[in-house]
2 protein chains.
Amino acid sequence: MTTAAAQNINTWMTHLSSESQFHISVDCAIFGYNGETLQVLLMECDFPAYKGKWSLVGDLLKQNETINNAANRILYENTQMDNVYLEQVESFSGIDRHPLGRVVTLAYYSLINTSDYEVVSPTHIRLEWQDLEEITELAFDHKLILSRCHIMLKKQMRLSPIAFDLLPEKFSLNQLQKLYEVVLGVEIDKRNFRRKLKNQGLLIDVDEIQCDVSHRPAKLYRFDYSKYKSINNGNKLSFMI
Amino acid sequence: MTTAAAQNINTWMTHLSSESQFHISVDCAIFGYNGETLQVLLMECDFPAYKGKWSLVGDLLKQNETINNAANRILYENTQMDNVYLEQVESFSGIDRHPLGRVVTLAYYSLINTSDYEVVSPTHIRLEWQDLEEITELAFDHKLILSRCHIMLKKQMRLSPIAFDLLPEKFSLNQLQKLYEVVLGVEIDKRNFRRKLKNQGLLIDVDEIQCDVSHRPAKLYRFDYSKYKSINNGNKLSFMI
DNA sequence: TCAAAAGTGTTGCCGCTACACCCATGA
DNA sequence: TCATGGGTGTAGCGGCAACACTTTTGA
């Protein structure tokens, strides 16, 4: 370099050199709950160095989009999933993380109900929901990315009511509890769970019960979104368990 | 594009096109505590569109470094500060955020004691510690970046004992309390603060008192780093207030 | 009548908040 | 003796964890 000042992007440089450019990609860890287990949406990798391996859903950033926009576009182009709320996690920039050259990636995650979306690859790439617990290896550094995304998912699950987007509008307390147990990977005491939820005052008893179950039917509840929005949650440390 | 598959970075593409490359930068919000106020280290912007404005310390990523490495290098090259622990916050990728073209930035923050470092610009760019409260405008989107960094700093302050790196090895409880109040921007009850800290069991009474003060001298404590490391902090939600 | 899941209360502990006065020192 | 900051205790409340039995339903 000539001088540091000459190259500093915030000082007097009048153009950006064409050296020191990078590819930027987005990789999405889409977590899915199917009522039983926590899964992750993977695509089969057709890339020579990782042929047959599975990878997160990802692609390159384009010129006229922000990274957030790219994340939504890339998810849509690969799976036809639309209106998915994606949360940015962090960047991964290992020098050799991609065989074809320098690619810096931004990781995103989401959590959805697998039955709310029909996942279709418009490009005939194989897509598959796989149980998180059974994933042992992924292409690139995606195993690392996935584990960081799962950590962030668990944090968010404790702080915001994302669980209620994964259940039918009317749900039982046992359904809700099971969801928390699966995503967080912990066991929860039933009585304490119910007390805490009821004390939050955000569940509405819809005065209905389960049908067609061969045991005592459970009462059903709705989550009170408008009440939740109306109370100040900015400084809450723990919304849930 | 031909087909989405043909362009997908995780599939059969055998080279990365030279289109769709980006500049990547790092911007560091270095927070400094001087015993009185919370400050931020800024550099004067010599860049035409923002001439005379102040900006965060930042520069471009180079080919053979990770973003974390770049953050440390950039901080060192601009300020001679070494061994500063930087924490990544998030990316900023607004399409028009930089006048010279597409520059995606990764924001970092740190918190240091201003008297522990002599800040020197090797390139004669003006560097200045400015009180956070008095900063009204910054170049680029750095005001936004700064506010996001401050939010992250406050979160970390509540979860990990970074405060103790900012004080002398032996400190009084009032010094510690003032630090928390300044960084978090809140008032704290003295008795509750002391009780909580003492119950943590991580302060060691060094059996010394302040010297040369014209009032009752305070007892001094050390933070017990080794005890802190030995206890499991992974699942703690709140280390401090 | 059985299997299967739903539902329910109490106790003890701990941490949080709110709050006001005396103490030790140097000037 | 005064000014300055240092230092202390209590009471009430609320949340959290641990823990086991009864109820309702359909098969």
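So, a few notes on the structure that sits alongside this text. (Residues numbered from 1 in each chain as written. Chains lettered and ligands numbered in written order. Predicted model: local features only at pLDDT ≥ 70, side-chain atom pairs only at ≥ 80, totals over all residues. Heavy atoms only, no water.)

Topic: the overall build of chain A
The number of helices and strands found in chain A is 6 helices and 9 strands. Projected onto its principal axes, the C-alpha coordinates of chain A cover approximately 75 × 45 × 30 Å. Sorting the 241 residues of chain A into buried and exposed places 50% on the buried side. For chain A, the proportion of contacts with a sequence separation of at least 24, taken over those separated by at least 6, is 64%. Of the accessible surface of chain A, which amounts to about 11,900 Å², a share of 47% is contributed by carbon and sulfur atoms. (Helix = DSSP H or I, 4+ residues; strand = E, 2+ residues; numbered from the N terminus. Buried < 20%, exposed > 50% of the residue type's maximum accessible area, 1.4 Å probe, protein only. Contact = heavy atoms within 4.5 Å. Areas by Shrake-Rupley, 256 points an atom, 1.4 Å probe, with all protein chains shown as cover.)

Here we look at the protein's contact with DNA strand D
The immediate surroundings of DNA strand D are formed by 21 residues, with A:Arg216, B:Asn174, B:Lys190, B:His215 and B:Lys219 found nearest. Backbone sugar and phosphate groups make up 42% of those atoms of DNA strand D lying within 4 Å of the protein. Separating a base oxygen of DNA strand D from a side-chain N or O atom of B:Arg191 is a distance of 3.4 Å. The separation between a phosphate oxygen of DNA strand D and a polar side-chain atom of B:Lys198 is 3.3 Å. Listing elements by their share of the surface near DNA strand D, those giving two or more residues are helix H5 (190-200) of chain A together with helix H5 (190-200) of chain B. In terms of residue count, the dominant contributor to the surface near DNA strand D is H5(B) (5 residues). (Near = heavy atom within 4 Å. Polar contact = N/O pair within 3.5 Å; in protein donor to acceptor, adjacent residues only side chain to side chain.)

Concerning the packing of helix H3 (residues 142-159) of chain B against helix H4 (residues 173-184) of chain B
Residues and elements named next belong to chain B. Relative to each other, H3 and H4 sit at 150°, their axes nearing to 10 Å. Classed by the angle they form, the pair H3 and H4 counts as roughly antiparallel. Judged by the twist between their axes, the crossing of H3 over H4 is left-handed. Residues His150, Leu153, Lys154, Met157 and Arg158 of H3 lie in contact with H4, whose contacting residues are Leu179, Tyr180, Val183 and Leu184. (Axes fitted to C-alpha atoms, helices over the stretch in contact; angles between N-to-C directions. Parallel < 35°, antiparallel > 145°, perpendicular 65-115°, else oblique. Left-handed = near helix turned anticlockwise from the far one by under 90°.)

Concerning helix H2 (residues 67-79) of chain A
Residue and element names in this part refer to chain A. Taking 1.5 Å of rise per residue, 13 residues should cover 18 Å, and H2 covers 18 Å from first to last C-alpha, within 8% of that figure. Within the sequence span of H2, burial applies to Ile67, Ala70, Ala71, Arg73, Ile74, Leu75, Glu77, Asn78 and Thr79. Glutamine 80 occupies a position one or two residues after H2 and carries a positive phi of about 65°. (Expected span 1.5 Å × (residues − 1).)

Describing the environment of B:Asn83
When you line up the elements, B:Asn83 lands in the loop between helix H2 (67-79) and strand E5 (87-92). Between the C-alpha atom of B:Asn83 and that of B:Lys155, which follows or precedes it by 72 residues, the distance is 22 Å.

Let's talk about the protein's contact with DNA strand C
By nearness alone, 21 residues border DNA strand C, and A:Asn174, A:Lys190, A:Arg191, A:Lys219 and B:Lys196 come closest of all. Sugar plus phosphate: this is where 43% of the atoms of DNA strand C within 4 Å of the protein reside. A:Lys190 is positioned such that a nitrogen or oxygen atom in its side chain is 2.7 Å from a base nitrogen of DNA strand C. Taking B:Asp189, its side chain carries an N or O atom lying 3.4 Å from a base nitrogen of DNA strand C. Secondary structure elements with two or more residues in the surface near DNA strand C: H5 of chain A together with H5 of chain B. The biggest single contributor to the surface near DNA strand C is H5(A), with 5 residues. Class assignment for the residues of the surface near DNA strand C results in 4 nonpolar, 5 polar and 12 charged. (Nonpolar A, V, L, I, M, F, W, Y, C, P; charged D, E, K, R; others polar.)

A few points about the packing of aromatic side chains
Residues and elements named next belong to chain A. A full pass over the atoms with the stated rule returns 14 aromatic pairs over all chains. Ring geometry for phenylalanine 47 and phenylalanine 140: centres 5.6 Å apart, planes at 55°, overall tilted. Of this pair, phenylalanine 47 sits in the loop between strand E2 (38-44) and strand E3 (54-55) while phenylalanine 140 is found in the loop between strand E7 (127-131) and helix H3 (142-159), placing the two residues 93 residues apart along the sequence. When its relative accessible area of 2% is taken as the criterion, phenylalanine 47 is described as buried. You can call phenylalanine 140 buried: its relative accessible area is 11%. With a centroid separation of 5.9 Å and an interplanar angle of 50°, the aromatic rings of phenylalanine 223 and tyrosine 228 are classed as tilted. In this pair, the class of phenylalanine 223 matches that of tyrosine 228, namely buried. Among the aromatic residues, those joined into a cluster by ring pairs are Phe164, Phe171, Phe223, Tyr225 and Tyr228. (Phe/Tyr/Trp six-rings, centres within 6.5 Å; stacked < 30°, edge-to-face > 60°.)

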